[in-house]
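Given next are the chains, with one letter for each unit.
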Amino acid sequence: MGSFAGGALPPDDVVVTALRAGDETMFAGLLDTWSQGMLRVARSYVSTDHSAEEVVQDTWLAVIDGIGRFEGRSSVKTWVYRILVNTAKKRGVRESRTLPWSAFEYDGAKVTDLGPPPGGWPEPTAAWPTPEGEALASEVRGLIAEALGRLPPRQRIVITLRDVEGCTSDEVCDILDITAANQRVLLHRARMAVRGWLADYYESVKQPE
Amino acid sequence: MKRFISETRAVNVVKRFTCDELVELLTAYLEDALDQAERDGVQAHLASCEGCGRYLDQFRATIVALGDRPQEKLSADVRDRLMSAFRQRQRH
């Protein structure tokens, strides 16, 4: 309904002025445009969909409460996502005390194929099939979800913000308070691991010639 | 195994990378965070190494697959609660 599809949000000063003036259409628009991505980001810190929804709800409540004090030192989106990440982190830490969550103990699940062996490729790996069939596409989606869950937490949040949500590297550095170099290393490690798991999967479903 | 051999006339400006060095640079390459000599070196290597070209294709396919996540939605009651919290705030 009121969502700003395709990133067609008005400029930040318009958004902030409208929110401060109590413009419900503007608030509903932000809610419907950003909540989906926020749920996925929250999900990379907490262990259930229900917790993720509570994190997103608490984030919006903090936004409602804090919009009067927003100083415009970052974009509205970065500000909201910083609140989200902090809220999710606290929640994640609390859960990890009571819930054994394998991702926290993860020490790099075995990826057999991370890159070329020293000295180069013995032979190029096979090209991947295009996931045209819905069955394959949905298997790949399931695999990606699983792969994200297996990544170490810092890699998981960076790759989620960058490649799942489409944030820029500057945005990610601002949201997470990390340097560009650090962001790139975490992103690269995460992409290599996910690519490795996909390669293992495609290898396992390869049609015999 | 393929080895990249740089062209002699560009020998001073094109960096030469082994396959495992090249793979490490792909995110920086895709983000345009390499200097000119490194970028030229990556491109020259990719042009002559099938294995790394294939790896880059798969790396890109991985990024595309990551962007194809299922839709998630805030439940209607949470959305309603937030809308009414926003309305309430105006009364303060």
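Predicted model, so just to flag it, every value in this text is computed and none were measured.

Here's the deal with the overall build of chain A
Each helix and strand counted, chain A has 9 helices and 0 strands in total. Helices (α) and strands (β) of chain A occur, in sequence order from the N terminus, as α-α-α-α-α-α-α-α-α. Sorting the 209 residues of chain A into buried and exposed places 36% on the buried side. In chain A, once contacts between residues fewer than 6 apart in sequence are set aside, the share between residues at least 24 apart is 71%.

Quick look at the overall build of chain B
When helices and strands are tallied, chain B shows 5 helices and 0 strands. Looking at chain B as a whole, 24% of its 92 residues are labelled buried. Counting only contacts in chain B whose residues sit at least 6 apart along the sequence, the fraction spanning at least 24 positions is 56%.

Quick notes on the environment of A:Glu24
Within the fold, A:Glu24 resides in helix H2 (residues 24–43). Classification of A:Glu24 as partly exposed rests on a count of 14 C-beta atoms within 10 Å. Those residues within four positions of A:Glu24 in sequence are excluded, and the remaining contacts are B:Met83, B:Phe86 and B:Arg87.

Concerning helix H4 (residues 50–66) of chain B
Under the 1.5 Å per step criterion, the end-to-end length of H4(B) is 24 Å for 17 residues, consistent within 8% with the ideal 24 Å. Inspection of H4(B) places B:Gly51, B:Cys52, B:Tyr55, B:Gln58, B:Phe59, B:Thr62, B:Ala65 and B:Leu66 among the buried residues, and these make up the whole buried set. Across the axial projection of H4(B), the buried residues extend over an arc of 135°, all falling on one side. Elements in contact with the buried residues of H4(B): helix H6 (134–150), helix H7 (153–164) and helix H9 (180–204) of chain A together with helix H1 (19–24), helix H2 (26–30) and helix H3 (36–48) of chain B.

What about the packing of H9(A) against H4(B)?
Following both chains from N to C, one finds H9(A) and H4(B) inclined at 95°, their axes separated by 9 Å at the closest point. Considered as vectors, H9(A) and H4(B) are oriented roughly perpendicular to each other. Together, A:Arg191, A:Val194, A:Arg195, A:Leu198 and A:Ala199 of H9(A) and B:Gln58, B:Phe59, B:Thr62, B:Ile63, B:Ala65 and B:Leu66 of H4(B) make up the contact between the two elements. Taken together, the residues that form the contact of H9(A) with H4(B) break down as 7 nonpolar, 2 polar and 2 charged.

Notes on the confidence of the model for chain B
Looking at chain B as a whole, the pLDDT averages 86, with 83% of positions reaching at least 70. For this predicted complex, the interface confidence score (ipTM) comes to 0.83, while the overall pTM stands at 0.84.

Quick notes on helix H3 (residues 49–66) of chain A
For H3(A), built from 18 residues, the straight-helix expectation of 26 Å at 1.5 Å per residue is met to within 8% by its first-to-last C-alpha distance of 25 Å. Within H3(A) the residues assigned to the buried category are A:Ala52, A:Glu53, A:Val55, A:Val56, A:Gln57, A:Thr59, A:Trp60 and A:Val63.

Focus: the nonpolar core
A:Ala42, A:Val80, A:Leu84, A:Val158, A:Ala190 and A:Val194 are the most contacted members of the largest nonpolar core, which totals 54 residues. Here the element with the most residues in this core is H9(A); it accounts for 10 residues. Once residues lying within four places of it in the same chain are set aside, the contact partners of A:Val158 are A:Val172, A:Gln183, A:Leu186, A:Leu187 and A:Ala190. The next biggest cluster of nonpolar side chains, apart from the first, holds 11 residues, and it includes B:Phe17, B:Cys19, B:Val23 and B:Cys49.

With respect to the interface of chain A and chain B
Each partner contributes to the interface: chain A provides 42 residues, whereas chain B provides 39 residues. If you list the elements that add at least two residues to the side of chain A that touches chain B, you get H2, H3, H6, H7 and H9 of chain A. Per-class residue counts for the side of chain A that touches chain B are 23 nonpolar, 11 polar and 8 charged.

Here's the deal with the confidence of the model for chain A
Overall, the predicted model of chain A reaches an average pLDDT of 85, with 85% of residues at or above 70. In this model residues 98–109 of chain A is a low-confidence stretch, pLDDT under 50, and it forms 11 contacts with partners more than four residues away in sequence or in other chains.

Cut-offs used in this document
Residues numbered from 1 in each chain as written. Chains lettered and ligands numbered in written order. Predicted model: local features only at pLDDT ≥ 70, side-chain atom pairs only at ≥ 80, totals over all residues. Helix = DSSP H or I, 4+ residues; strand = E, 2+ residues; numbered from the N terminus. Buried ≥ 20, exposed ≤ 12 C-beta atoms within 10 Å, placed from the backbone. Contact = placed C-beta atoms within 7 Å. Expected span 1.5 Å × (residues − 1). Arc of directions from axis to C-beta. Axes fitted to C-alpha atoms, helices over the stretch in contact; angles between N-to-C directions. Parallel < 35°, antiparallel > 145°, perpendicular 65-115°, else oblique. Nonpolar A, V, L, I, M, F, W, Y, C, P; charged D, E, K, R; others polar. pLDDT = per-residue confidence, 0-100. Core = buried A, V, L, I, M, F, W, Y, C linked by C-beta atoms within 7 Å.

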